[in-house]
Amino acid sequence: MPTFVLRRAAGSPALLPTTIRRIADAMLAELELGAAELSVLLTNDTEIHALNLQHREKNKPTDVLSFPLDEGGGADGAVSGTRVLGDVVISLDTAARQARGRKRELLPEVRFLLAHGILHLLGYDHDNPREKREMDALTRRLVRAVSDKSTKPLKRPAQSAKRRSTSAPTSRPKAVKARARARASHAK
């Protein structure tokens, strides 16, 4: 499970990239994407603000951005036979503020944002109330499915395959397949 996590978040709350990698690997296994490649950047408000402005023309920081590489669910995101999902960028500053507002620790907030970002990479969106309800439910289900796994050592993919949820999303919504996603997705 090649998940790459980079922390470039000067002055932001401490969170170990190895912890986020374990969570991301567990999420990919839960989604039956254990062989897919994912990149996660843990950053601060300054960097995510610049990315949000550049890619979405929004002049403010946000909590999470997703940059899909595998638009069609096929070979266009594949490198040497590996499915490359794309990049998820999380602002630890915004995540910390949101966690305080929700009266919870930073890690559960970042776990939620990571799940949300991964679902965007898979083509899910929240452009209307129905899509928002569906995506929120899938995000919560994914977070619950990996909450206990992500703090323990991961089992080998062959062992965890027996425990995968049959209700995990396995295909992209038709509406999302039909439209090209040229811009980054975000959680708000």
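About the criteria used
- Residues numbered from 1 in each chain as written.
- Predicted model: local features only at pLDDT ≥ 70, side-chain atom pairs only at ≥ 80, totals over all residues.
- Heavy atoms only, no water.
- Core = buried A, V, L, I, M, F, W, Y, C linked by side-chain atoms within 4.5 Å.
- Buried < 20%, exposed > 50% of the residue type's maximum accessible area, 1.4 Å probe, protein only.
- Helix = DSSP H or I, 4+ residues; strand = E, 2+ residues; numbered from the N terminus.
- Contact = heavy atoms within 4.5 Å.
- Pairing = 2+ DSSP bridges.
- Salt bridge = Lys/Arg side-chain N within 4 Å of Asp/Glu carboxyl O.
- pLDDT = per-residue confidence, 0-100.

Q: Just give me the short version of the nonpolar core, but keep the residues and values in it.
A: Core analysis: the largest hydrophobic core is formed by 37 residues, its most contacted members being I20, L114 and I118. Going through the elements one at a time, α1 (17-30), β2 (37-43), β5 (82-91), α3 (92-101), α4 (106-121) and α5 (129-147) are the ones with two or more residues in this core. Looking at this core element by element, the count peaks at 8 residues for α4. Discounting residues that sit within four places of it in the chain, I20 has contacts with V5, L15, V40, L42, L107, V110 and L114. Ranked by size, the runner-up nonpolar core spans 6 residues in total, among them L41, L51, L65 and V89.

Q: Summarise the pairing of β5; cite the residues concerned and give the values.
A: Where burial is concerned, most of β5 is hidden: 7 out of the 10 residues are buried. Bridge count between β2 and β5: 7 bridges; the pairing is parallel. Along β5, the bridge assignment pairs E37 with V84. Across 5 bridges, the pairing between strand β3 (residues 64-68) and β5 is antiparallel. Looking at β5, one finds that F67 is bridged to D87.

Q: Before we move on, can you summarise the environment of E109 with the specific residues and values?
A: One can find E109 in helix α4. Relative accessible area serves as the criterion here: at 0%, E109 is assigned to the buried category. Between the alpha carbons of E109 and D63 there is a distance of 9.9 Å; along the sequence they are 46 residues apart. Filtering out sequence-adjacent residues up to four positions away, E109 remains in contact with A95, Q98, A99, R102 and R104.

Q: Give me the pattern of salt bridges: which residues, what numbers.
A: One pass over the structure, following the stated rule, counts 7 salt bridges. Put simply, R97 and D45 hold a salt bridge, and the shortest N to O gap is 2.9 Å. With a gap of 52 residues between them, R97 in helix α3 and D45 in helix α2 (residues 45-56) connect regions that are remote in the sequence. Taking the shortest distance from any N to any O, the salt bridge between R102 and E109 comes out at 2.5 Å. Each of R102, R104 and E109 takes part in one network of salt bridges that share partners.

Q: Describe the confidence of the model for the protein chain, naming the residues involved and giving the relevant values.
A: For the protein chain, the mean per-residue pLDDT works out to 80, and 71% of the residues sit at or above 70. Predicted confidence for residues 72-76 stays below pLDDT 50, and this span has 6 contacts to residues more than four positions away or in other chains. A low-confidence stretch, residues 151-183 (pLDDT under 50), is modelled with 48 contacts involving residues beyond four sequence positions or located in other chains.

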